Amino acid sequence: MTRIAAVQPALPPYRYAQAELTDAFAELCLPDGKGHALLRRLHANAGVSHRNLAIPLEQYAELKDFGAANDAWIAMAVDLGAEAIAGALATAGLGIEDVDLLLFTTVTGLAAPSIDARVATRLGMREDVKRLPLFGLGCVGGAAGIARLHDYLTAWPSHVAVLLSVELCSLTLQRDDSSLPNLVGGALFGDGAAAVVMTGAEVEGTGPSVVATRSRLYPDSERVMGWDVGAGGFRIVLGADVPEVVRKYLGDDVAAFLAGHELTVPEIGTWVSHPGGPKVLEAVSETLKLRPGALDLTWKSLDAVGNLSSSSVLHVLGDTMTLDPAGPGLLLAMGPGFCSELVLLEW
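Residues numbered from 1 in each chain as written. Predicted model: local features only at pLDDT ≥ 70, side-chain atom pairs only at ≥ 80, totals over all residues. Heavy atoms only, no water.

- In the nomenclature of an unreviewed UniProt entry, the protein chain corresponds to Chalcone and stilbene synthase domain protein from the organism Kribbella flavida.

What follows is the structure, encoded as C-alpha coordinates:
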(Lines give C-alpha, C1' and ligand atoms only; values in the text may rest on other atoms or scores of the structure.)
Protein backbone atom coordinates (compact mmCIF):
# COMPACT_ATOMS: atom_id res chain seq x y z
CA MET A 1 0.00 0.00 0.00
CA THR A 2 1.01 3.63 -0.51
CA ARG A 3 0.60 6.36 2.07
CA ILE A 4 -0.75 9.93 2.13
CA ALA A 5 1.93 11.70 4.17
CA ALA A 6 0.52 15.26 4.12
CA VAL A 7 -2.08 17.57 2.59
CA GLN A 8 -1.62 21.33 2.36
CA PRO A 9 -4.49 23.56 1.18
CA ALA A 10 -3.76 27.06 -0.15
CA LEU A 11 -6.14 29.93 -0.85
CA PRO A 12 -5.61 33.28 -2.59
CA PRO A 13 -5.70 36.28 -0.23
CA TYR A 14 -8.80 38.02 -1.57
CA ARG A 15 -11.81 36.81 0.46
CA TYR A 16 -15.41 37.95 0.06
CA ALA A 17 -18.83 37.20 1.47
CA GLN A 18 -21.29 35.59 -0.91
CA ALA A 19 -23.60 38.63 -0.87
CA GLU A 20 -20.77 40.87 -2.06
CA LEU A 21 -19.98 38.47 -4.88
CA THR A 22 -23.64 38.33 -5.86
CA ASP A 23 -23.72 42.09 -6.42
CA ALA A 24 -20.48 42.08 -8.42
CA PHE A 25 -21.61 39.11 -10.51
CA ALA A 26 -24.88 40.89 -11.33
CA GLU A 27 -22.99 43.92 -12.64
CA LEU A 28 -20.64 41.83 -14.79
CA CYS A 29 -23.04 39.26 -16.23
CA LEU A 30 -26.45 40.93 -16.09
CA PRO A 31 -25.75 44.61 -16.77
CA ASP A 32 -29.25 45.21 -18.14
CA GLY A 33 -30.77 44.34 -14.76
CA LYS A 34 -32.73 41.36 -16.06
CA GLY A 35 -32.50 38.08 -14.18
CA HIS A 36 -31.28 39.59 -10.91
CA ALA A 37 -33.97 37.83 -8.88
CA LEU A 38 -32.95 34.43 -10.26
CA LEU A 39 -29.28 35.24 -9.69
CA ARG A 40 -29.85 36.14 -6.04
CA ARG A 41 -31.92 33.00 -5.47
CA LEU A 42 -29.17 30.81 -6.94
CA HIS A 43 -26.49 32.47 -4.84
CA ALA A 44 -28.59 32.22 -1.68
CA ASN A 45 -29.24 28.50 -2.20
CA ALA A 46 -25.69 27.50 -3.19
CA GLY A 47 -24.64 26.55 0.35
CA VAL A 48 -21.73 29.01 0.14
CA SER A 49 -21.12 31.87 2.57
CA HIS A 50 -17.62 33.00 1.51
CA ARG A 51 -15.14 32.49 -1.33
CA ASN A 52 -11.56 33.44 -2.12
CA LEU A 53 -10.68 34.99 -5.47
CA ALA A 54 -7.50 35.02 -7.54
CA ILE A 55 -7.49 38.81 -7.95
CA PRO A 56 -9.23 41.69 -6.16
CA LEU A 57 -12.92 41.84 -6.98
CA GLU A 58 -12.73 45.25 -8.68
CA GLN A 59 -10.14 43.96 -11.19
CA TYR A 60 -12.45 41.45 -12.89
CA ALA A 61 -14.08 44.19 -14.94
CA GLU A 62 -10.62 45.04 -16.31
CA LEU A 63 -10.05 41.55 -17.78
CA LYS A 64 -10.82 42.32 -21.42
CA ASP A 65 -10.20 38.89 -22.96
CA PHE A 66 -9.15 35.29 -22.37
CA GLY A 67 -5.46 36.17 -22.65
CA ALA A 68 -5.61 38.66 -19.80
CA ALA A 69 -7.55 36.23 -17.60
CA ASN A 70 -5.12 33.41 -18.39
CA ASP A 71 -2.10 35.60 -17.56
CA ALA A 72 -3.65 36.29 -14.16
CA TRP A 73 -4.28 32.56 -13.79
CA ILE A 74 -0.63 31.69 -14.44
CA ALA A 75 0.71 34.23 -11.95
CA MET A 76 -1.53 33.13 -9.08
CA ALA A 77 -1.27 29.42 -9.93
CA VAL A 78 2.51 29.50 -9.55
CA ASP A 79 2.30 31.41 -6.26
CA LEU A 80 -0.32 29.10 -4.75
CA GLY A 81 1.33 25.98 -6.12
CA ALA A 82 4.70 26.82 -4.60
CA GLU A 83 3.07 27.67 -1.26
CA ALA A 84 1.05 24.44 -1.15
CA ILE A 85 3.92 22.11 -2.10
CA ALA A 86 6.41 23.70 0.29
CA GLY A 87 3.89 23.44 3.13
CA ALA A 88 2.97 19.84 2.39
CA LEU A 89 6.59 18.69 2.22
CA ALA A 90 7.42 20.46 5.47
CA THR A 91 4.48 18.75 7.20
CA ALA A 92 5.63 15.39 5.85
CA GLY A 93 9.17 15.99 7.09
CA LEU A 94 10.57 15.83 3.56
CA GLY A 95 12.61 18.20 1.44
CA ILE A 96 12.20 19.59 -2.05
CA GLU A 97 15.02 17.31 -3.19
CA ASP A 98 13.05 14.23 -2.13
CA VAL A 99 10.35 14.61 -4.80
CA ASP A 100 10.54 12.03 -7.58
CA LEU A 101 7.24 12.75 -9.36
CA LEU A 102 5.16 15.92 -9.57
CA LEU A 103 1.64 15.52 -10.98
CA PHE A 104 -0.31 18.71 -11.71
CA THR A 105 -4.05 18.90 -12.38
CA THR A 106 -6.24 21.82 -13.38
CA VAL A 107 -9.19 22.66 -15.59
CA THR A 108 -9.25 26.47 -15.29
CA GLY A 109 -6.22 27.71 -17.23
CA LEU A 110 -3.52 26.87 -19.77
CA ALA A 111 0.25 27.24 -19.69
CA ALA A 112 3.27 25.93 -21.59
CA PRO A 113 5.66 25.47 -19.85
CA SER A 114 3.03 24.02 -17.54
CA ILE A 115 2.53 25.20 -13.96
CA ASP A 116 4.35 22.17 -12.56
CA ALA A 117 7.51 23.11 -14.51
CA ARG A 118 7.35 26.70 -13.26
CA VAL A 119 6.76 25.63 -9.66
CA ALA A 120 9.52 23.01 -9.82
CA THR A 121 11.95 25.68 -10.99
CA ARG A 122 10.86 28.19 -8.36
CA LEU A 123 11.21 25.67 -5.53
CA GLY A 124 14.47 24.19 -6.81
CA MET A 125 13.36 20.60 -7.42
CA ARG A 126 15.83 18.11 -8.85
CA GLU A 127 16.53 18.37 -12.55
CA ASP A 128 15.46 14.73 -13.00
CA VAL A 129 12.06 15.16 -11.33
CA LYS A 130 9.33 13.48 -13.37
CA ARG A 131 6.42 15.76 -14.28
CA LEU A 132 2.90 14.88 -15.38
CA PRO A 133 0.53 17.77 -16.14
CA LEU A 134 -3.13 16.76 -16.52
CA PHE A 135 -5.84 19.00 -17.96
CA GLY A 136 -9.58 18.38 -18.24
CA LEU A 137 -10.40 16.17 -15.27
CA GLY A 138 -12.24 18.99 -13.50
CA CYS A 139 -13.85 18.18 -10.17
CA VAL A 140 -12.69 14.56 -10.27
CA GLY A 141 -9.03 15.60 -10.65
CA GLY A 142 -8.11 15.59 -6.96
CA ALA A 143 -9.32 12.02 -6.42
CA ALA A 144 -7.94 10.85 -9.77
CA GLY A 145 -4.60 12.46 -8.97
CA ILE A 146 -4.32 10.50 -5.72
CA ALA A 147 -5.25 7.32 -7.60
CA ARG A 148 -2.59 7.89 -10.26
CA LEU A 149 0.08 8.63 -7.64
CA HIS A 150 -0.91 5.35 -5.98
CA ASP A 151 -0.39 3.56 -9.30
CA TYR A 152 3.06 5.12 -9.70
CA LEU A 153 4.19 4.46 -6.14
CA THR A 154 3.05 0.86 -6.30
CA ALA A 155 5.62 0.40 -9.07
CA TRP A 156 8.22 2.64 -7.36
CA PRO A 157 7.85 1.90 -3.62
CA SER A 158 10.95 3.87 -2.59
CA HIS A 159 9.76 7.09 -4.24
CA VAL A 160 8.02 10.28 -3.07
CA ALA A 161 5.29 11.77 -5.26
CA VAL A 162 3.42 15.07 -5.06
CA LEU A 163 0.01 15.97 -6.43
CA LEU A 164 -0.64 19.67 -7.05
CA SER A 165 -4.11 20.97 -7.85
CA VAL A 166 -4.76 24.62 -8.69
CA GLU A 167 -8.22 25.79 -9.73
CA LEU A 168 -8.98 29.51 -10.23
CA CYS A 169 -12.58 29.17 -11.32
CA SER A 170 -13.41 32.88 -11.07
CA LEU A 171 -11.06 33.65 -13.96
CA THR A 172 -13.24 31.57 -16.29
CA LEU A 173 -16.26 33.81 -15.63
CA GLN A 174 -18.06 34.71 -18.86
CA ARG A 175 -19.16 38.33 -18.80
CA ASP A 176 -22.51 39.29 -20.32
CA ASP A 177 -23.59 35.64 -20.19
CA SER A 178 -27.03 35.21 -18.64
CA SER A 179 -27.26 31.45 -19.27
CA LEU A 180 -28.31 29.29 -16.35
CA PRO A 181 -25.05 27.25 -16.28
CA ASN A 182 -23.01 30.47 -16.04
CA LEU A 183 -25.23 31.78 -13.24
CA VAL A 184 -25.05 28.49 -11.32
CA GLY A 185 -21.28 28.26 -11.80
CA GLY A 186 -20.91 31.82 -10.59
CA ALA A 187 -22.84 30.94 -7.44
CA LEU A 188 -20.84 27.80 -6.54
CA PHE A 189 -17.24 27.91 -7.67
CA GLY A 190 -14.31 29.51 -5.87
CA ASP A 191 -10.52 29.67 -6.19
CA GLY A 192 -7.94 27.59 -4.38
CA ALA A 193 -5.18 25.01 -4.49
CA ALA A 194 -3.88 22.01 -2.59
CA ALA A 195 -0.83 19.76 -2.55
CA VAL A 196 -0.68 16.13 -1.45
CA VAL A 197 2.53 14.29 -0.59
CA MET A 198 2.40 10.50 -1.03
CA THR A 199 5.07 7.90 -0.34
CA GLY A 200 5.70 4.34 -1.42
CA ALA A 201 5.67 1.34 0.88
CA GLU A 202 9.43 1.50 1.46
CA VAL A 203 9.36 5.08 2.78
CA GLU A 204 8.80 5.45 6.51
CA GLY A 205 6.05 7.79 7.62
CA THR A 206 2.55 8.25 8.94
CA GLY A 207 -0.83 8.98 7.40
CA PRO A 208 -3.66 7.01 5.82
CA SER A 209 -2.84 4.21 3.42
CA VAL A 210 -4.34 3.97 -0.07
CA VAL A 211 -5.65 0.43 -0.34
CA ALA A 212 -7.19 0.48 -3.83
CA THR A 213 -8.82 2.74 -6.44
CA ARG A 214 -11.58 2.47 -9.02
CA SER A 215 -12.31 4.64 -12.08
CA ARG A 216 -15.65 4.73 -13.88
CA LEU A 217 -16.54 6.50 -17.14
CA TYR A 218 -20.30 6.73 -17.70
CA PRO A 219 -21.90 6.24 -21.14
CA ASP A 220 -23.57 9.02 -23.15
CA SER A 221 -22.66 11.70 -20.61
CA GLU A 222 -20.21 14.01 -22.40
CA ARG A 223 -22.51 17.05 -22.10
CA VAL A 224 -23.24 16.60 -18.39
CA MET A 225 -20.26 18.74 -17.36
CA GLY A 226 -17.29 20.44 -19.00
CA TRP A 227 -16.27 23.47 -21.06
CA ASP A 228 -17.07 24.86 -24.47
CA VAL A 229 -13.84 26.64 -25.44
CA GLY A 230 -14.08 29.71 -27.66
CA ALA A 231 -12.67 33.17 -28.23
CA GLY A 232 -13.86 34.28 -24.79
CA GLY A 233 -12.22 31.35 -23.01
CA PHE A 234 -13.99 28.61 -21.04
CA ARG A 235 -17.79 28.62 -21.18
CA ILE A 236 -19.20 26.21 -18.62
CA VAL A 237 -21.26 23.16 -19.56
CA LEU A 238 -23.30 22.13 -16.54
CA GLY A 239 -26.33 19.94 -16.99
CA ALA A 240 -29.22 19.91 -14.57
CA ASP A 241 -29.07 16.12 -14.62
CA VAL A 242 -25.86 15.76 -12.56
CA PRO A 243 -27.77 14.65 -9.42
CA GLU A 244 -29.71 12.11 -11.46
CA VAL A 245 -26.51 10.65 -12.91
CA VAL A 246 -25.23 10.30 -9.34
CA ARG A 247 -28.42 8.51 -8.30
CA LYS A 248 -28.30 6.23 -11.34
CA TYR A 249 -24.71 4.99 -11.00
CA LEU A 250 -22.92 5.88 -7.76
CA GLY A 251 -24.66 3.49 -5.36
CA ASP A 252 -23.93 0.37 -7.40
CA ASP A 253 -20.37 1.54 -8.17
CA VAL A 254 -19.51 2.08 -4.51
CA ALA A 255 -21.16 -1.15 -3.36
CA ALA A 256 -19.32 -3.22 -5.98
CA PHE A 257 -15.98 -1.56 -5.24
CA LEU A 258 -16.29 -2.12 -1.50
CA ALA A 259 -17.53 -5.69 -1.95
CA GLY A 260 -14.28 -6.48 -3.75
CA HIS A 261 -12.52 -5.66 -0.49
CA GLU A 262 -15.06 -7.44 1.75
CA LEU A 263 -16.60 -4.16 2.94
CA THR A 264 -20.06 -2.58 2.87
CA VAL A 265 -21.18 1.05 2.99
CA PRO A 266 -22.09 0.95 6.72
CA GLU A 267 -18.55 -0.27 7.51
CA ILE A 268 -16.98 2.88 6.06
CA GLY A 269 -16.32 5.15 9.01
CA THR A 270 -14.94 8.16 7.12
CA TRP A 271 -16.32 9.74 3.95
CA VAL A 272 -14.22 12.26 1.99
CA SER A 273 -16.45 13.62 -0.76
CA HIS A 274 -16.09 16.39 -3.31
CA PRO A 275 -18.63 19.17 -2.57
CA GLY A 276 -20.29 19.41 -5.95
CA GLY A 277 -23.17 21.51 -4.64
CA PRO A 278 -26.20 21.04 -2.38
CA LYS A 279 -28.24 18.95 -4.82
CA VAL A 280 -25.28 16.72 -5.65
CA LEU A 281 -24.39 16.19 -1.98
CA GLU A 282 -28.00 15.34 -1.20
CA ALA A 283 -27.96 12.81 -4.06
CA VAL A 284 -24.75 11.23 -2.73
CA SER A 285 -26.18 10.89 0.79
CA GLU A 286 -29.49 9.49 -0.41
CA THR A 287 -27.99 7.07 -2.93
CA LEU A 288 -25.44 5.66 -0.49
CA LYS A 289 -27.85 5.85 2.48
CA LEU A 290 -25.19 7.54 4.56
CA ARG A 291 -25.60 8.08 8.29
CA PRO A 292 -26.48 11.64 9.41
CA GLY A 293 -23.39 13.83 9.57
CA ALA A 294 -21.26 11.62 7.34
CA LEU A 295 -20.58 14.51 4.93
CA ASP A 296 -20.38 17.32 7.50
CA LEU A 297 -16.81 18.27 6.58
CA THR A 298 -17.77 18.43 2.92
CA TRP A 299 -20.72 20.71 3.66
CA LYS A 300 -18.47 22.92 5.82
CA SER A 301 -15.89 23.18 3.04
CA LEU A 302 -18.57 24.18 0.52
CA ASP A 303 -19.79 26.86 2.91
CA ALA A 304 -16.32 28.22 3.71
CA VAL A 305 -14.71 28.38 0.24
CA GLY A 306 -17.20 27.15 -2.37
CA ASN A 307 -16.59 24.40 -4.91
CA LEU A 308 -12.88 24.49 -5.84
CA SER A 309 -13.17 21.90 -8.62
CA SER A 310 -10.30 19.39 -8.30
CA SER A 311 -8.87 21.10 -5.19
CA SER A 312 -12.05 20.72 -3.14
CA VAL A 313 -11.84 17.04 -2.24
CA LEU A 314 -8.22 17.61 -1.21
CA HIS A 315 -9.29 20.40 1.16
CA VAL A 316 -11.84 18.00 2.66
CA LEU A 317 -9.14 15.32 2.93
CA GLY A 318 -6.87 17.73 4.76
CA ASP A 319 -9.65 18.64 7.20
CA THR A 320 -10.39 14.95 7.73
CA MET A 321 -6.77 14.11 8.53
CA THR A 322 -6.72 16.66 11.37
CA LEU A 323 -9.42 14.62 13.13
CA ASP A 324 -7.21 11.49 13.24
CA PRO A 325 -9.94 9.01 12.18
CA ALA A 326 -9.55 5.24 12.40
CA GLY A 327 -10.59 2.32 10.19
CA PRO A 328 -11.62 2.28 6.53
CA GLY A 329 -12.58 5.42 4.63
CA LEU A 330 -13.69 6.25 1.10
CA LEU A 331 -12.62 9.28 -0.91
CA LEU A 332 -14.82 10.02 -3.92
CA ALA A 333 -15.35 12.64 -6.60
CA MET A 334 -17.11 13.03 -9.93
CA GLY A 335 -16.36 15.24 -12.91
CA PRO A 336 -16.33 15.78 -16.68
CA GLY A 337 -16.54 12.66 -18.74
CA PHE A 338 -18.93 12.16 -16.93
CA CYS A 339 -16.97 9.99 -14.53
CA SER A 340 -16.22 9.06 -10.94
CA GLU A 341 -13.12 8.11 -8.99
CA LEU A 342 -13.16 6.06 -5.80
CA VAL A 343 -10.18 5.72 -3.42
CA LEU A 344 -10.29 3.25 -0.53
CA LEU A 345 -8.32 4.49 2.48
CA GLU A 346 -7.25 2.88 5.75
CA TRP A 347 -6.38 4.93 8.82
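### Some words on the packing of helix α5 (residues 141-155) against helix α10 (residues 312-321)
Point 1. Here α5 crosses α10 at 70 degrees, and the two axes come no closer than 6 Å. In terms of orientation, α5 lies roughly perpendicular with respect to α10. Judged by residue contacts, Gly142, Ala143 and Ile146 of α5 engage Val313, Leu314 and Leu317 from α10.
Point 2. Split by residue class, the contact of α5 with α10 holds 5 nonpolar, 1 polar and no charged. (Axes fitted to C-alpha atoms, helices over the stretch in contact; angles between N-to-C directions. Helix = DSSP H or I, 4+ residues; strand = E, 2+ residues; numbered from the N terminus. Parallel < 35°, antiparallel > 145°, perpendicular 65-115°, else oblique. Contact = heavy atoms within 4.5 Å. Nonpolar A, V, L, I, M, F, W, Y, C, P; charged D, E, K, R; others polar.)

### Structural notes on the UniProt feature "domain: Chalcone/stilbene synthase N-terminal" (unreviewed entry) in the protein chain
Point 1. UniProt's feature table lists "domain: Chalcone/stilbene synthase N-terminal" (unreviewed entry) at residues 70-198, given in the numbering used throughout.
Point 2. In residues 70-198, helix accounts for 43% and strand for 22%; the two terminal C-alpha atoms are 30 Å from one another. (UniProt positions renumbered as here; feature names shortened; annotations may be inferred.)

### Some remarks on the pairing of strand β1 (residues 2-10)
Point 1. The sheet contact formed by β1 and strand β8 (residues 209-217) spans 2 bridges and is antiparallel. The partner of Thr2 across the bridge, within β8, is Val210.
Point 2. Of the strand pairs in this sheet, β1 and strand β7 (residues 191-199) are connected by 7 bridges, and their pairing is antiparallel. Paired with Gln8 across the strands is Ala195, a residue of β7. (Pairing = 2+ DSSP bridges.)

### Focus: the packing of aromatic side chains
Point 1. Scanning all chains against the criterion turns up 6 aromatic pairs.
Point 2. Centroid distance Phe66 to Phe234: 5.5 Å. Interplanar angle 80 degrees. Geometry classified as edge-to-face. Note that Phe66 is positioned in helix α3 (residues 66-92) and Phe234 in strand β10 (residues 233-238), a separation of 168 residues in sequence.
Point 3. The structure contains a cluster of three or more aromatic residues connected by ring pairs, namely Phe66, Phe135, Trp227 and Phe234.
Point 4. Note that Lys130 overlies the ring of Trp156, its terminal NZ or CZ placed 5.5 Å from the centroid. (Phe/Tyr/Trp six-rings, centres within 6.5 Å; stacked < 30°, edge-to-face > 60°. Lys NZ or Arg CZ within 6 Å of the ring centre and 35° of its normal.)

### Here's the deal with empty space enclosed by the protein
Point 1. Counted under the stated rule, the structure contains 1 cavity of 30 Å³ or more.
Point 2. Considering only enclosed or pocket space, the largest cavity measures out at about 450 Å³ in volume.
Point 3. Cys169, Ser170, Thr172, Gly185 and Phe189 are, among the 30 residues lining the largest cavity, the residues nearest its centre.
Point 4. Only α1 (18-29), β3 (50-53), α6 (180-188), β9 (225-230) and β10 provide two or more residues apiece to the lining of the largest cavity.
Point 5. Looking at the lining of the largest cavity, the element that brings in the most residues is α1, giving 4 residues.
Point 6. Its residues assigned to classes, the lining of the largest cavity shows 18 nonpolar, 11 polar and 1 charged.
Point 7. Shared between two domains, the lining of the largest cavity takes at least three residues from each, and those domains are domain 1 (3-199) and domain 2 (209-346). (1 Å grid on protein atoms, 1.4 Å probe; cavity = no way out; pocket = protein on both sides within 12 Å on 5 of 7 lines; lining within 4 Å. Points joined across faces, edges and corners; volume = space filled by probe spheres on them. Domains from an automatic or database assignment.)

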